Every structure is written in C-alpha cells, then in structure tokens.
Amino acid sequence: MLNLDIVGVCETHLKYDDVLHVNSYNWIGQNRKHLHKKAKTGSGGVGLFVKKSYYEMFDIGVLDTSFEGILWVSFKHKNSDFRFNICVAYLPPENSTRQVDKDVFFDTLISQVYEHQNS
C-alpha cells in the first residue's frame, strides 16, 4: 500500500460538481462543465487527492481554474512563510472528441507557470 501525501489525477470522468471519495484524503477537482450530448458519464477532468492531515499544517486552496484541463492548487504553511503550488494538467489526445489546440494549451500553461511562480 502506498502512503502518498498528494496525488494528481487526470481523466476523472466526473460531471459538474461530482466529487471522488477516498479514505484519509480530500478531493480538489476541476470537472468539465460542458458534456458531449451523447456522453453517459463525464469526460476528462483533473484533480488532486490531498491527505487530510495536510489541512492541519497548510492553508490549501484553488489558485486557478481559468483553463479547462489545468488546475492550480496553493499550499501555504500555517506557521511559516513556506508555500508551494501544484498544477495538474491534461491535454486530450489528437483523436479525442474534445480537441484542444495544443499550442493554446501549452501557451496557457507556460503563462500560468510564470504567473504563479512567485506565489
């Protein structure tokens, strides 16, 4: 059994405000809001499982969800200036019904890296 503190997840297939539940973890997710009219389940989606004990040490919050498939979460230590950000990103493959312009995706991702690098 792995004892992981933070786990990034892609292709969650959740819809709207659906949440995943795993013992000892909290879910922070970015689900797709617009589903294909023939979709029986959600598609795509990204998120993080964060060990519940981290909430005792860190103020944890969503930093950026402005681009579908890119989720930024911030961690700020409660007793010091230590902080870090985590990004989970998913670019659908070329043959996907959810085609995303890869140049726009990577331009957005690198812009967000620069935007959030000092926070």
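Residues numbered from 1 in each chain as written. Predicted model: local features only at pLDDT ≥ 70, side-chain atom pairs only at ≥ 80, totals over all residues. Heavy atoms only, no water.

Asks: I tried to follow the overall build of the protein on my own but got confused; where do I start?
Replies: A tally of regular secondary structure across the protein gives 2 helices and 6 strands. Put simply, the protein runs from its N terminus to its C terminus through helices and strands in the order β-β-β-α-β-β-β-α. By the burial criterion, 34% of the 119 residues in the protein qualify as buried. For the protein, restricting intrachain contacts to residue pairs at least 6 apart in sequence, the fraction spanning at least 24 positions comes to 51%. (Helix = DSSP H or I, 4+ residues; strand = E, 2+ residues; numbered from the N terminus. Buried < 20%, exposed > 50% of the residue type's maximum accessible area, 1.4 Å probe, protein only. Contact = heavy atoms within 4.5 Å.)

Asks: I keep staring at a nonpolar patch on the surface and nothing clicks. Help me out?
Replies: Taken together, the side chains of Ile 110, Val 113 and Tyr 114 define a hydrophobic patch exposed on the protein surface, amounting to about 270 Å² of accessible area. Among the secondary structure elements, Ile 110 is positioned in helix 2 (residues 102-116). (Patch = residues over 30% accessible without salt bridge, like charges linked within 9 Å, V, L, I, M, F, W, Y side chains within 5 Å. Areas by Shrake-Rupley, 256 points an atom, 1.4 Å probe, with all protein chains shown as cover. Salt bridge = Lys/Arg side-chain N within 4 Å of Asp/Glu carboxyl O.)

Asks: Sorry, what's going on with the sheet that holds strand 2 (residues 25-30) here?
Replies: Think of a sheet as strands paired side by side through backbone hydrogen bonds, with each pair either parallel or antiparallel. Strands sit in the order 1-3-2 across an open sheet of 3 strands; the sheet is antiparallel. At either end of the open sheet lies a strand with only one pairing partner, and these are strand 1 (6-10) and strand 2. Neighbour-to-neighbour, the strand axes of this sheet turn through a mean angle of 20°, independent of strand direction. In this sheet, strand 3 (residues 46-51) lies alongside strand 2 in antiparallel orientation, the contact comprising 6 bridges. By the bridge assignment for strand 3, Gln 30 is matched with Val 46. (Pairing = 2+ DSSP bridges. Axes fitted to C-alpha atoms, helices over the stretch in contact; angles between N-to-C directions.)

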